Amino acid sequence: MKTKPAKKTGKQQDLSFTNKNGYEKISPADLKRSDELNKMYMDFIGKAKTEREAHDEAVLLLEAAGFSDMAKHEKENIRLNPGDKVYKSCEGKTLMAIVVGKKPLEAGMHIVGGHTDAPRIDIKQNPLYENGDLALLDTHYYGSIRKYQWVTIPLALHGVFVKSDGRKVKVSIGEDPSDPVFCITDLLPHIAADQAKKPLGEAIPGEGLDVVFGSVPADEKDRKEKFKYNILKLLHAKYGINEEDFLSAELEMVPAGKPREAGLDRSMILSYGHDDRVCAYTGLKALLDLKGVPEYTSCVLLCDKEEIGSVGSTGMASNFFENAASELLNLTTNAYSELALKRALSNSWMLSADVNALFDPMFPGFFDKKNSAIVNHGVCVTKFTGARGKSGSSDASAEFLAHIRRIFDKNGVLWQTGELGKVDQGGAGTISYLMARYGMKVVDCGVGLFSMHAPMELAGKLDIYMAYKGYLAFLQDGRK
Ligand code: MN
Ligand code: MN
């Protein structure tokens with residue numbers, strides 16, 4: 001978003017501000033790079049369908065780019081110097097990647113923080129049962145979903161069983177074209193008169209999201225629950241697990257299939273899990289593409305559990321980030337102190353990299369159009385989140401927004417501002433308020449989406465590319 005230059009020749013300066021579509025402004029070179037970046041992104045989200053898979057794919061990219069595990073440095077006290085690249089994992093779900101900058105850590109970091117968990121249907125701990133000659137899996141949905149959207153679509157099962165001896169069995173069924181898929185059934189319209197009168201949020205109850213898992217009885221004469229037992233036999237034959245192993249498993253049903261280009265002009269991407277792998281990936285890619293040694297230590301966070309409030313040991317409300325920053329301080333200086341840590345945190349700058357809503361012409365009444373992000377107008381900067389009078393928000397300062405404006409405009413980043421819907425229509429939060437507690441400067445900045453939290457979300461390619469470009473400019477910025 002660039003203010004129009006004042007016309008010096010005319011009698012009057014043009015003081016107005018307009019935000020044009022990105023296709024009217026982008027250079028041919030940037031358009032080419034946008035296509036390349038979006039191809040890589042599609043490859044990433046096609047493989048990273050859970051937070052564990054996103055973590056593992058990210059580690060592969062980091063290691064290929066010369067990043068090493070910070071755990072080894074911590075254990076063997078291997079010092080870190082400017083230009084060194086490391087990552088730190090938290091339980092195989094949350095990940096922090098760092099390029100050590102020229103300035104001491106006490107001067108602060110530049111952080112891009114996104115999340116890799118996405119709304120989905122989790123499998124319960126004792127899930128398997130049978131009814132109506134079907135084997136079914138009982139579920140508990142994860143994150144804020146509109147339940148009616150998740151019935152009758154092909155689902156894939158991803159996750160891990162961990163046996164009591166610690167052996168981990170990874171599962172992924174439904175992504176390969178030769179795999180079977182799963183689904184949740186819905187009522188036929190012919191007999192849905194009562195259901196059709198219910199509010200959207202009540203038509204499909206939470207306990208009504210059980211997944212059809214099979215329909216062949218076990219060929220065993222005296223066996224009870226033959227449909228369920230046949231499933232156990234198949235699972236045992238393929239994975240060596242038994243029913244008790246569900247007790248220590250993390251299994252997620254996610255929409256099956258790959259992301260697709262959308263629109264006749266291929267200008268968008270339709271995919272499961274844009275929120276928030278689109279910001280996580282573009283942030284990570286920006287870190288991988290840093291040129292030379294950055295002035296300030298660059299840090300990218302790919303975190304877990306954002307969709308349920310950043311809770312638990314792998315969520316941003318835990319001490320993981322602070323502990324990791326402590327280790328980093330210890331490894332980059334010979335003078336660790338709590339004061340230095342506090343300075344490092346409070347002097348940090350952060351882009352909280354999360355998605356926002358795009359103005360949707362199907363639902364104009366839910367948006368304030370002039371304060372909504374528009375597809376392909378660039379990466380969206382969100383000054384404040386929250387709901388009902390900005391409650392629960394981290395409201396970035398005008399001073400920090402001015403810095404971000406300067407960084408983006410200087411580096412040719414197409415950007416816009418956006419507020420999540422009309423006042424009093426609802427609202428949301430991200431990880432920004434948790435990081436702002438340290439006193440660091442934080443603003444939300446990410447990609448706008450249509451149909452956020454739906455099984456398939458829609459995003460504009462230029463917005464995705466400009467998120468990458470914005471994160472790169474921010475990480476490389478020297479605060480001059
Ligand atoms: Mn999000
Ligand atoms: Mn979300």
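On a predicted model such as this, the values are computed, not experimentally measured, just so you know. (Residues numbered from 1 in each chain as written. Chains lettered and ligands numbered in written order. Predicted model: local features only at pLDDT ≥ 70, side-chain atom pairs only at ≥ 80, totals over all residues. Heavy atoms only, no water.)

J.: Can you explain the coordination of the manganese ion (ligand 2)? Please cite residues and give values.
T.: Here the manganese ion (ligand 2) is held by the protein donor atoms Asp275 (OD), Glu307 (OE), Glu307 (OE) and His453 (NE2), which lie 2.1 to 2.5 Å from it. Linear spacing of the donor residues for the manganese ion (ligand 2) on their chain is D-x31-E-x145-H. (Donors = N, O, S within 2.8 Å, 3.2 Å for Na, K, Ca; no water.)

J.: Lay out the nonpolar core with the relevant residues and their values.
T.: Formed by 59 residues in total, the largest nonpolar core has its most connected members in Phe408, Tyr471 and Phe474. At eleven residues, helix α12 (residues 461-476) tops the list of elements feeding residues into this core. Residues within four places of phenylalanine 408 in sequence aside, it is in contact with Leu351, Val379, Val381, Val413, Trp415, Cys445 and Gly470. Listed in part, the 34 residues of the second largest apolar core include Val151, Ala156, Leu235 and Ile241. (Core = buried A, V, L, I, M, F, W, Y, C linked by side-chain atoms within 4.5 Å. Buried < 20%, exposed > 50% of the residue type's maximum accessible area, 1.4 Å probe, protein only. Helix = DSSP H or I, 4+ residues; strand = E, 2+ residues; numbered from the N terminus. Contact = heavy atoms within 4.5 Å.)

J.: Quick rundown of the pattern of salt bridges? Include the residues and the values.
T.: Note that side chains of opposite charge can pair when their charged atoms are close. For the structure on display, the rule yields 31 salt bridges. Across the salt bridge formed by lysine 93 and glutamate 250, the nearest N and O atoms sit 3.1 Å from each other. Pair noted here: lysine 93 is in the loop between β2 (85-90) and β3 (94-99) and glutamate 250 is in strand β10 (residues 249-255), with a separation of 157 residues, a long-range link. A relative accessible area of 31% places glutamate 250 in the partly exposed class. Salt bridges sharing common partners tie together Glu51, Arg120, Asp122 and Glu252. (Salt bridge = Lys/Arg side-chain N within 4 Å of Asp/Glu carboxyl O.)

J.: I'd like a description of the coordination of the manganese ion (ligand 1), backed by residues and values.
T.: Around the manganese ion (ligand 1), the donor atoms from the protein are His115 (NE2), Asp275 (OD), Asp354 (OD) and Asp354 (OD), and they sit 2.1 to 2.6 Å away. Within one chain, the residues serving as donors to the manganese ion (ligand 1) are arranged as H-x159-D-x78-D. Between the manganese ion (ligand 1) and the manganese ion (ligand 2), both coordinated by aspartate 275, there is a metal-metal distance of 3.3 Å. A residue pair is termed long-range when its members are at least 10 positions apart, and histidine 115 in strand β4 (residues 109-115) and aspartate 275 in helix α7 (residues 274-288) qualify at 160 residues. For the pair formed by histidine 115 and aspartate 275, the shared burial category is buried.

J.: Explain the side chain of serine 310 to me, using residue names and the numbers behind them.
T.: Among the structural elements, serine 310 can be located in the loop between β13 (297-303) and α8 (320-332). Judged by its relative accessible area of 2%, serine 310 is buried. Apart from residues no more than four positions distant in its own chain, serine 310 is found in contact with Lys305, Gly315, Met316, Ala317, Ser318, Ile431 and Leu434.

J.: Which residues make up the pairing of β10, and what values go with them?
T.: Among the seven residues in β10, six count as buried, and that is most of the element. Sheet topology note: the strand β7 (residues 155-162)/β10 ladder contains seven bridges and is antiparallel. Its bridge partner being in β10, valine 160 is matched across the sheet by glutamate 250. (Pairing = 2+ DSSP bridges.)

J.: Requested: an account of the packing of helix α1 (residues 28-47) against α12, with residues and values cited.
T.: At their nearest, the axes of α1 and α12 sit 9 Å apart, and the two run at 95° to each other. In terms of their interaxial angle, α1 and α12 are classed as roughly perpendicular. Along its contact with α1, which presents Asp30, Leu31, Arg33, Ser34, Asp35, Leu37, Asn38 and Tyr41, the element α12 presents Lys461, Leu462, Ile464, Tyr465, Met466, Tyr468 and Lys469. When grouped by side-chain class, the residues that make up the contact of α1 with α12 number eight nonpolar, two polar and five charged. (Axes fitted to C-alpha atoms, helices over the stretch in contact; angles between N-to-C directions. Parallel < 35°, antiparallel > 145°, perpendicular 65-115°, else oblique. Nonpolar A, V, L, I, M, F, W, Y, C, P; charged D, E, K, R; others polar.)

J.: Requested: an account of the sheet that holds strand β12 (residues 268-271), with residues and values cited.
T.: Spatial ordering of the open sheet is given by β11-β12-β22, a layout of three strands whose pairing is antiparallel. Every other strand in the sheet has two partners, leaving β11 (260-262) and β22 (457-460) as the edge strands with one partner each. Here the strands of the sheet are splayed against their neighbours by 35° on average, with no regard to which way each runs. Here β12 pairs with β22 via four bridges, running antiparallel. By the bridge assignment, serine 271 is partnered in β22 with glutamate 457. In the packing of α1 onto the sheet, the strands contacted are β11 and β12, and the crossing angle to β12 comes to about 0°.

J.: Explain the packing of aromatic side chains to me, and be specific about the residues and the numbers.
T.: Under the definition given, this model contains eleven aromatic pairs. Look at phenylalanine 321 and tyrosine 438: their rings are 6.0 Å apart centre to centre, the planes differ by 55°, and that puts the pair in the tilted class. On the criterion of sequence distance, the pair formed by phenylalanine 321 in helix α8 and tyrosine 438 in the loop between α11 (432-436) and β20 (441-446) is long-range, its members being 117 residues apart. Judged by relative accessible area, which is 2%, phenylalanine 321 ranks as buried. Between the aromatic rings of phenylalanine 408 and tryptophan 415, the centroid separation amounts to 6.1 Å while the plane-to-plane angle is 75°, which identifies the pairing as edge-to-face. In this structure, phenylalanine 408 and tryptophan 415 share a single accessibility class: buried. (Phe/Tyr/Trp six-rings, centres within 6.5 Å; stacked < 30°, edge-to-face > 60°.)

J.: Residues and numbers for the domain arrangement of the protein, please.
T.: Domain annotation for the protein reports domain 1 (22-118 + 272-476) and domain 2 (120-255). A straight line from the C-alpha centre of domain 1 to that of domain 2 covers 33 Å. Between domain 1 and domain 2, the residue contacts involve 19 residues of the former and 16 residues of the latter. Summed over both partners, the interface of domain 1 with domain 2 comes to about 1,500 Å²; 49% of that surface belongs to carbon and sulfur atoms. Where domain 1 meets domain 2, there are five salt bridges. Of the residues contributing to the side of domain 1 that touches domain 2, the split by class is six nonpolar, two polar and eleven charged. (Domains from an automatic or database assignment. Buried area = accessible area lost by both parts, 1.4 Å probe.)

J.: Lay out the packing of α1 against α7 in plain terms, naming residues and giving numbers.
T.: Across the interface, α1 lies against α7 with an axial gap of 10 Å and an inter-helix angle of 125°. As judged from the angle between their axes, α1 and α7 are oblique. As α1 runs across α7, the sense of the crossing is right-handed. Residues Leu37, Met40, Tyr41, Phe44 and Ile45 of α1 touch α7, and the partners they reach there are His274, Arg277, Val278, Tyr281, Thr282 and Lys285. (Left-handed = near helix turned anticlockwise from the far one by under 90°.)

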